[in-house]
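Here is what each chain is made of, one letter per residue.
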Amino acid sequence: MTDATWRSAAVAALFAWHPLHVESVAWVSERKDVLCAFFWMLTLLLYVRYASQPSIARYLLALGSFVLCLMAKPMGVTLPFVLLLLDYWPLNRFTIYDLRFTIFRLVREKIPFLILSLAACVLTLRAQEIAIVSTAGLTVSSASSTCWRLTTII
């Protein structure tokens, strides 16, 4: 995408060798990270192809890949904003002469992506309602006693 092959290869190698997410590759239960990253990168690639030669089929392929990214892991909700950054650099789809029209057109192009992101956020919050607990009513002493009881049980 950047036409800097060696720099891109060096960054990819550092990303591949970095031990930060080694559990994603080693554990079967963490394969969703790898799957999400795969569809994230595939969406970026398909979007770049769409931006170079716009067509409905290419746009739908990028959107479908984004849906698969969201289905793998809700972390993909930030991808529409990354696509806007990608429009700025390296795709240079912003024109200085009519900036307001260009931004409106590019954001309008991302509306289906943004709607899917919003839907994924709502579904994730609804699924995690039980896990989200307010700690507003807890005092320091009650929280510490609860932690102490948990550590003695373990």
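Please refer to the structure higher up on the page.
Report on the accompanying structure. Note that the coordinates shown come from a computational prediction; the quantities given were computed from them, not determined experimentally.

## Section: the overall build of the chain
Helix and strand counts for the chain come out as eight helices and zero strands. Each helix (α) and strand (β) of the chain, taken in turn from the N terminus, gives the series α-α-α-α-α-α-α-α. By residue count, 24% of the 154 residues in the chain fall in the buried class. Taking the intrachain contacts of the chain between residues at least 6 apart in sequence as the baseline, contacts between residues at least 24 apart amount to 61%. For the chain, the accessible surface area stands at approximately 11,600 Å², while carbon and sulfur atoms represent 73% of it.

## Regarding the packing of aromatic side chains
Evaluated as defined, the whole model comprises six aromatic pairs. On the basis of an interplanar angle of 70° and a centroid distance of 5.6 Å, the ring pair of Tyr88 and Phe94 is categorised as edge-to-face. The class of Tyr88 is exposed, set by a relative accessible area of 56%. Here Phe94 falls in the partly exposed class, since its relative accessible area comes to 25%. Here the aromatic residues Tyr47, Tyr50, Tyr59, Phe66 and Phe113 are joined through ring pairs into a cluster of three or more.

## A short note on a nonpolar patch on the surface
Together, Leu99, Ile103 and Val107 give the surface a local cluster of nonpolar side chains, amounting to about 210 Å² of exposed area. One can find Val107 in helix H6 (residues 99–109).

## Regarding the packing of H6 against helix H7 (residues 111–127)
Where H6 meets H7, the axes come as close as 4 Å, and the angle between the chain directions of the two elements is 50°. With respect to H7, the axis of H6 lies oblique. In contact with Val107, Arg108 and Glu109 of H6, H7 contributes Ile111, Pro112 and Phe113. Here the contact of H6 with H7 is composed, by residue class, of four nonpolar, no polar and two charged.

## As for the packing of helix H3 (residues 31–52) against helix H4 (residues 56–72)
Contact geometry of H3 with H4 gives a least axis separation of 8 Å together with a crossing angle of 165°. Accordingly, the angle class assigned to the pair H3 and H4 is roughly antiparallel. Where H3 crosses over H4, the two elements pack in a sense that is left-handed. Contacts between H3 and H4 involve Lys32, Leu35, Cys36, Phe39, Trp40, Leu42, Thr43, Leu46, Tyr47, Arg49 and Tyr50 from the first element and Arg58, Tyr59, Leu61, Ala62, Ser65, Phe66, Leu68, Cys69 and Ala72 from the second. Class assignment of the residues belonging to the contact of H3 with H4 gives a composition of 15 nonpolar, two polar and three charged.

## Observations regarding the pattern of salt bridges
Counted according to the given criterion, the structure contains six salt bridges. As a salt-bridge pair, Lys73 and Asp33 come within 2.3 Å of each other at their nearest N and O atoms. Residue Lys73 is located in the loop between H4 and helix H5 (79–88), and its partner Asp33 is located in helix H3; the two are separated by 40 residues in the primary sequence. The shortest N-O distance in the salt bridge between Asp87 and Lys110 comes to 2.6 Å.

## A few points about H4
Its 17 residues place the ends of H4 24 Å apart at the C-alpha level, agreeing with the 24 Å of an ideal helix rising 1.5 Å per residue. Looking at the buried residues of H4, the elements they touch are H3, H5, H6 and H7.

## Focus on the side chain of Ser65
Among the structural elements, Ser65 can be located in helix H4. The buried category is assigned to Ser65, whose relative accessible area is 3%. Setting aside residues no more than four positions away along its own chain, Ser65 makes contact with Phe39, Leu42, Thr43 and Leu46.

The rules behind these values
- In this convention, every chain numbers its residues from 1, walking through the sequence in written order.
- Local features are withheld for residues below a pLDDT of 70 in this predicted model, meaning they are given only at 70 or higher, and side-chain atom pairs are given and counted only at 80 or more; totals for whole chains, interfaces and linings count all residues.
- Water and hydrogen atoms play no part in the side-chain values, which are based on all heavy atoms of the structure.
- In DSSP terms, a helix is any run of H or I states spanning at least four residues, a strand is any run of E spanning at least two, and both are numbered starting from the N terminus.
- Throughout this description, buried means an accessible area under 20% of the type-specific maximum (1.4 Å probe, protein chains only), exposed means over 50%, and partly exposed covers the range between.
- The contact definition used throughout considers only heavy atoms, calling two residues in contact when any of these lie within 4.5 Å.
- Surface accessibility in these figures is a Shrake-Rupley result with a 1.4 Å probe; residues are shielded only by whichever protein chains are displayed.
- Aromatic pairs are defined between Phe, Tyr and Trp rings, using the six-membered ring for Trp, whenever the two ring centres lie within 6.5 Å; interplanar angles under 30 degrees are classed as stacked, those over 60 as edge-to-face, and all others as tilted.
- Without a salt bridge and with relative accessible area above 30%, a residue can belong to a patch; like charges are then joined within 9 Å and nonpolar side chains (Val, Leu, Ile, Met, Phe, Trp, Tyr) within 5 Å.
- The working definition used for a salt bridge is a side-chain nitrogen of Lys or Arg within 4 Å of a carboxyl oxygen of Asp or Glu.
- Here the axes come from fitting lines to C-alpha atoms, over the contacting stretch only for helices, and the angles between their N-to-C directions go from 0 to 180 degrees.
- Oblique is the label for any angle not covered by the other classes, which are roughly parallel (under 35 degrees), roughly antiparallel (over 145) and roughly perpendicular (65 to 115).
- Nonpolar residues are Ala, Val, Leu, Ile, Met, Phe, Trp, Tyr, Cys and Pro. Charged residues are Asp, Glu, Lys and Arg, and all others, Gly as well, are polar.
- Here a crossing is called left-handed whenever its near helix is offset anticlockwise from the far helix by less than a right angle, and right-handed whenever the offset is clockwise.
- One less than the number of residues in a helix, times 1.5 Å, gives the span that helix is expected to have.

These figures come from the coordinates and say nothing about function on their own.
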